[in-house]
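# Architecture at a glance
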Amino acid sequence: MPESSRQILSLLAAMSVDVTVLGSINVDLVAFCLDSSLPKPGQTVFGSLFEKNHGGKGANQAVQAAKMGVKTRMIGRVGNDEFGRDYLEHLKQEGVLCDLIDSVNASTGLAHITVASSGENCIVIIPGANGEVDDAFIEMHYNKLSDTKVLLCQNEIPFDSTIAGLKAATDKGVITIFNPAPAPTSDLDSFFEKLQFCGPVTYITPNETELAALVGMDKPCVTDEEIIGAAQKLLELSGCKNVIVTLGEKGCFHLEAGGDPKFCCNPPTESGQEGVDVVDTTGAGDSFLGTFAAHLSTGTPMMGALNVAMQAATQSVTSQGAQASYVGLRDISIER
């Protein structure tokens with residue numbers, strides 16, 4: 001590459017971005033069984049298909065934000081291995097800035113997934129390089145975490161690193177979105193104490209199952225009353241400004257501190273239908289969040305950003321895979 005081109009790319013990478021995603025990068029290795037049930041311990045079964053997919057909540061969200069046409073940077077780590085090199089190339093092809101993704105002497109994060117023909121699955125996650133997103137890494141990139149319009153985080157890297165990233169952004173007045181997935185199942189007092197330290201995060205965005213886990217319920221929130229009550233409790237515990245609960249085919253729910261609860265239905269599709277033929281829901285929540293962050297970064301009002309996010313997520317479930325199913329800005333037909 002000519003030196004002049006390298007300089008231009010370096011300057012572009014140094015510029016402030018619209019959306020920064022701090023989080024996980026995983027390769028998904030998926031085996032589909034012929035049988036309707038998962039293998040028993042010690043049992044060998046035949047499969048029908050194997051897939052290697054690009055995953056990880058952080059990378060999923062970054063790819064979707066980039067597909068919405070905004071300047072998106074991913075901050076994280078991959079292994080110094082074939083999986084890591086392949087993933088970096090993939091992210092670059094998707095338009096994600098990768099100058100702050102480090103390669104380390106660890107395996108790239110992996111999710112080993114076995115799926116029965118009934119749809120039942122079991123998953124083993126090996127954090128690998130995601131677990132190396134430590135204090136030293138955050139300190140190295142601290143200023144870049146606030147050099148953005150929106151910072152989007154999840155819960156698939158060490159939580160203290162996520163907290164440090166959110167703190168850097170909130171201190172500079174950046175819009176912050178925290179997706180608490182997977183939700184913690186223990187030591188919730190410490191979890192909320194650290195989250196309040198960031199103070200206050202702009203949006204916390206669980207789904208109905210994660211919402212229930214965060215407030216100590218033993219089953220997912222189902223009724224409107226359960227969702228409203230749990231969201232109010234989550235606002236108090238977290239110190240966040242807004243709770244947005246993703247509800248799958250039902251749309252989403254929003255509660256602002258001091259405001260009235262509001263359920264937002266999925267918008268109709270281009271054909272005018274309320275529902276779609278669901279093929280695969282994998283990564284739909286990440287599509288929602290990447291789209292939401294992208295549109296907030298362009299100044300779209302929150303309700304408009306939610307409407308676009310629901311449309312993108314709805315379209316994503318109509319085809320197989322996570323990132324492979326994500327649509328771009330030109331595919332969004334609803335009025336924003």
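Before going into details, it helps to say that this report is about the structure given with it.

Analysis parameters
- Residues numbered from 1 in each chain as written.
- Predicted model: local features only at pLDDT ≥ 70, side-chain atom pairs only at ≥ 80, totals over all residues.
- Heavy atoms only, no water.
- Helix = DSSP H or I, 4+ residues; strand = E, 2+ residues; numbered from the N terminus.
- Rg over C-alpha atoms; globule rule 2.2 N^0.38 Å.
- Contact = heavy atoms within 4.5 Å.
- Areas by Shrake-Rupley, 256 points an atom, 1.4 Å probe, with all protein chains shown as cover.
- Axes fitted to C-alpha atoms, helices over the stretch in contact; angles between N-to-C directions.
- Left-handed = near helix turned anticlockwise from the far one by under 90°.
- Nonpolar A, V, L, I, M, F, W, Y, C, P; charged D, E, K, R; others polar.
- Buried < 20%, exposed > 50% of the residue type's maximum accessible area, 1.4 Å probe, protein only.
- Pairing = 2+ DSSP bridges.
- Phe/Tyr/Trp six-rings, centres within 6.5 Å; stacked < 30°, edge-to-face > 60°.
- Lys NZ or Arg CZ within 6 Å of the ring centre and 35° of its normal.
- Core = buried A, V, L, I, M, F, W, Y, C linked by side-chain atoms within 4.5 Å.
- Expected span 1.5 Å × (residues − 1).

### Structural notes on the overall build of the protein chain
Within the protein chain, the regular secondary structure consists of ten helices and 13 strands. Over its C-alpha atoms the protein chain spans a radius of gyration of 20 Å, differing by no more than 12% from the 20 Å that the globule rule assigns to 336 residues. Overall size of the protein chain, expressed as C-alpha extent along the three principal axes, is 55 × 55 × 45 Å. Residue pairs in contact within the protein chain that sit at least 24 positions apart in sequence constitute 70% of those at least 6 positions apart. Total accessible area computed for the protein chain in this model is approximately 15400 Å², and 52% of it derives from carbon and sulfur atoms.

### Re the packing of helix α9 (residues 284-297) against helix α10 (residues 302-316)
Following both chains from N to C, one finds α9 and α10 inclined at 145°, their axes separated by 8 Å at the closest point. Helix-helix and strand crossings are classified by hand; for α9 and α10 the assignment is right-handed. Two secondary-structure elements touch here, α9 through A284, S287, F288, T291, F292, H295 and L296 and α10 through M302, A305, L306, V308, A309, M310, A312, A313 and S316. Grouping the constituent residues of the contact of α9 with α10 by class yields twelve nonpolar, four polar and no charged.

### Looking at the pairing of strand β12 (residues 252-256)
Counting buried positions over the five residues of β12 gives four, a clear majority of the element. Where β12 meets strand β13 (residues 262-264), three bridges bridge the pair, whose relative direction is antiparallel. Residue pairing across strands places F253 opposite F263, the latter belonging to β13. Turn length for the β12-β13 hairpin, with the two strands adjacent in sequence and antiparallel, is five residues, and the turn residue G258 shows positive phi of about 80°.

### Details of the packing of aromatic side chains
Tallying each qualifying case throughout the model produces seven aromatic pairs. Between F253 and F263 the ring centres are 4.7 Å apart and the planes differ by 50°, which places this aromatic pair in the tilted class. One end of the pair, F253, is in strand β12; the other, F263, is in strand β13, and ten residues separate them in sequence. For F263, a relative accessible area of 31% translates into the label partly exposed. Here the aromatic cluster, defined as three or more aromatic residues joined through ring pairs, consists of F159, F178, F191 and F192. For K167, the ring lying beneath its charged end belongs to F197, and the centroid distance is 4.9 Å.

### Quick notes on the nonpolar core
Note that soluble globular proteins tend to have their nonpolar side chains buried in a common cluster. L91, I101, I177, F288, F292 and L306 are the most contacted members of the largest nonpolar core, which totals 46 residues. When residues in this core are grouped by element, the largest group, eight residues, is from α10. Here F288 is in contact with I244, T246, C252, L306, A309, M310 and A313, once residues within four sequence places are set aside. Counting 40 residues, the second-largest nonpolar core is a separate cluster that includes I75, F137, I138 and L211.

### Topic: α10
Relative to the 21 Å expected for 15 residues at 1.5 Å per residue, α10 spans 21 Å between its end C-alpha atoms, a close match to the ideal helical length. Taking burial as the measure, the 15 residues of α10 include twelve buried ones, the bulk of the element. Turning to α10, its buried residues number three or more, namely M302, G304, A305, L306, V308, A309, M310, Q311, A312, A313, T314 and S316. Looking at the buried positions of α10, the neighbouring elements they touch are α2 (57-67), β10 (203-204), β11 (242-246), β12, β13 and α9.

### Description of the sheet that holds strand β3 (residues 47-55)
Strand pairing in a sheet relies on backbone hydrogen bonds. The paired strands run either parallel or antiparallel. Read from one edge of the open sheet, four strands run β3-β2-β6-β7, paired in mixed fashion. Since the sheet does not close on itself, it has two edges, and those belong to β3 and β7 (121-126), each with one partner. This sheet shows a mean twist of 15° between the axes of neighbouring strands, independent of strand direction. Summarising the sheet, strand β2 (residues 26-33) and β3 pair through eight bridges and their orientation is antiparallel. The partner of V27 across the bridge, within β3, is H54. Of the strands in this sheet, β2, β3 and β6 (109-115) touch helix α3 (residues 82-93), which is tilted by about 65° from β3.

### Description of the sheet that holds strand β4 (residues 72-79)
Ordered by their spatial adjacency, nine strands build an open sheet running β5-β4-β1-β8-β9-β10-β11-β12-β13, and the pairing between neighbours is mixed. Since the sheet does not close on itself, it has two edges, and those belong to β5 (96-104) and β13, each with one partner. Where β4 and β5 come together, seven bridges link them in parallel fashion. Paired with G79 across the bridge in β5 is V104. Across the sheet, α3 touches β4 and β5, and the angle it forms with β5 is around 170°.

### A few points about the pairing of β7
Of the pairings in the sheet, the one linking β6 to β7 comprises six bridges and is antiparallel in character. Within β7, the position partnered with T114 by the bridge is C122. Here β6 folds back onto β7, and the loop between the two strands holds five residues, one of which, G119, carries a positive phi near 100°.

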